[in-house]
Amino acid sequence: MNSFFRIVAMLLTVCAGLATQAALAQQKADIVARQLFEAVNHERASQGLAQLKWDDALAGAARQHAEAMAAQNTLSHQLPGEPALATRATKAGVHFVWLSENVAQGPTAANINEQWRNSPNHRANVLDTDMDTVGIGIVERNGILFAAADFCKLRR
């Protein structure tokens, strides 16, 4: 019976270690998402535009999409079997008038921000004056960050 308890204790230790690693990975992802949020608003401010507000529901939808991209190790605005952006946002509880999305993968928040700044379509989303809200989701897979930024104009 003593060996049974030792095995259970080892399994609990391993599970606790994995849970700690997952929590640390999520903390890092949340930090990167906030860095990108600040970078997007800095870019908007440099152009005299209003700052975007953060929306947790939109960020949750973006994070789920980033998770799907990371799981398939690919970038796409809609993966096979995945609902379209509008459906993902609505399902998350976001009530929007307009909606757009940026996706990217890279090693750092600065790299992802630079990709968005250097892409005319992504930059247009960042600087879209019709948008007032954003949610950003980040997932790390094998040292690569998968990012989805969902921009919207909330329905008032």
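In what follows, the structure referred to is the one given above.
Below is a short write-up of the structure. (Residues numbered from 1 in each chain as written. Predicted model: local features only at pLDDT ≥ 70, side-chain atom pairs only at ≥ 80, totals over all residues. Heavy atoms only, no water.)

Below, the discussion takes up the pattern of salt bridges. Scanning the entire structure with this criterion turns up 4 salt bridges. Linking Arg-88 and Glu-82 is a salt bridge whose minimum nitrogen-to-oxygen distance equals 3.5 Å. With a shortest N-O distance of 2.8 Å, Arg-88 and Glu-101 are connected by a salt bridge. Separated by 13 residues along the polypeptide, Arg-88 in helix H3 (residues 85-91) and Glu-101 in strand E2 (residues 96-106) bring together distant segments of the chain. Here Arg-88 matches Glu-101 in class, with each residue buried. (Salt bridge = Lys/Arg side-chain N within 4 Å of Asp/Glu carboxyl O. Helix = DSSP H or I, 4+ residues; strand = E, 2+ residues; numbered from the N terminus. Buried < 20%, exposed > 50% of the residue type's maximum accessible area, 1.4 Å probe, protein only.)

Turning to its location among the elements, Val-103 is positioned in strand E2. We classify Val-103 as buried; its relative accessible area is 9%. Separated by 28 residues in sequence, Val-103 and Leu-75 place their C-alpha atoms 6.8 Å apart. If we ignore the near neighbours within four places in the chain, the residues touching Val-103 are His-65, Met-69, Leu-75, Ser-76, His-77, Trp-116, His-122, Ala-147 and Ala-148. (Contact = heavy atoms within 4.5 Å.)

Glancing now at the pairing of strand E4 (residues 144-154). Within E4, 9 of the 11 residues are buried, which leaves it mostly tucked inside the rest of the structure. Pairing analysis gives 10 bridges linking E2 to E4, with the strands arranged antiparallel. Bridge pairing in E4 places Leu-99 opposite Cys-152. The turn linking strand E3 (residues 133-141) back onto E4 is made up of 2 residues, and Asn-142 within it adopts a positive phi angle of 55 degrees. (Pairing = 2+ DSSP bridges.)

All right, on to helix H2 (residues 56-72) then. The end-to-end C-alpha distance of H2, which contains 17 residues, comes to 24 Å, matching closely the 24 Å that a straight helix rising 1.5 Å per residue would cover. Listed as buried for H2 are Leu-58, Ala-59, Gly-60, Ala-61, Ala-62, His-65, Ala-66, Met-69 and Ala-70. Two or three places before Ala-57, at the start of H2, stands the capping residue Asp-55, its side-chain oxygen 3.1 Å from that residue's backbone nitrogen. Of the residues flanking the end of H2, it is Asn-73, one or two places downstream, whose phi is positive at about 50 degrees. (Expected span 1.5 Å × (residues − 1). Polar contact = N/O pair within 3.5 Å; in protein donor to acceptor, adjacent residues only side chain to side chain.)

Let's shift gears to the packing of aromatic side chains. One pair of aromatic rings is described through two measures. These are the centre distance and the angle between the planes. Counting across every chain of the model gives 1 aromatic pair. The ring of Phe-37 has Arg-34 sitting right over it, with the charged end atom 5.7 Å from the ring centre. A cation over a ring is seen here: Arg-34 above Trp-54, with NZ or CZ 4.2 Å from the ring centre. (Phe/Tyr/Trp six-rings, centres within 6.5 Å; stacked < 30°, edge-to-face > 60°. Lys NZ or Arg CZ within 6 Å of the ring centre and 35° of its normal.)

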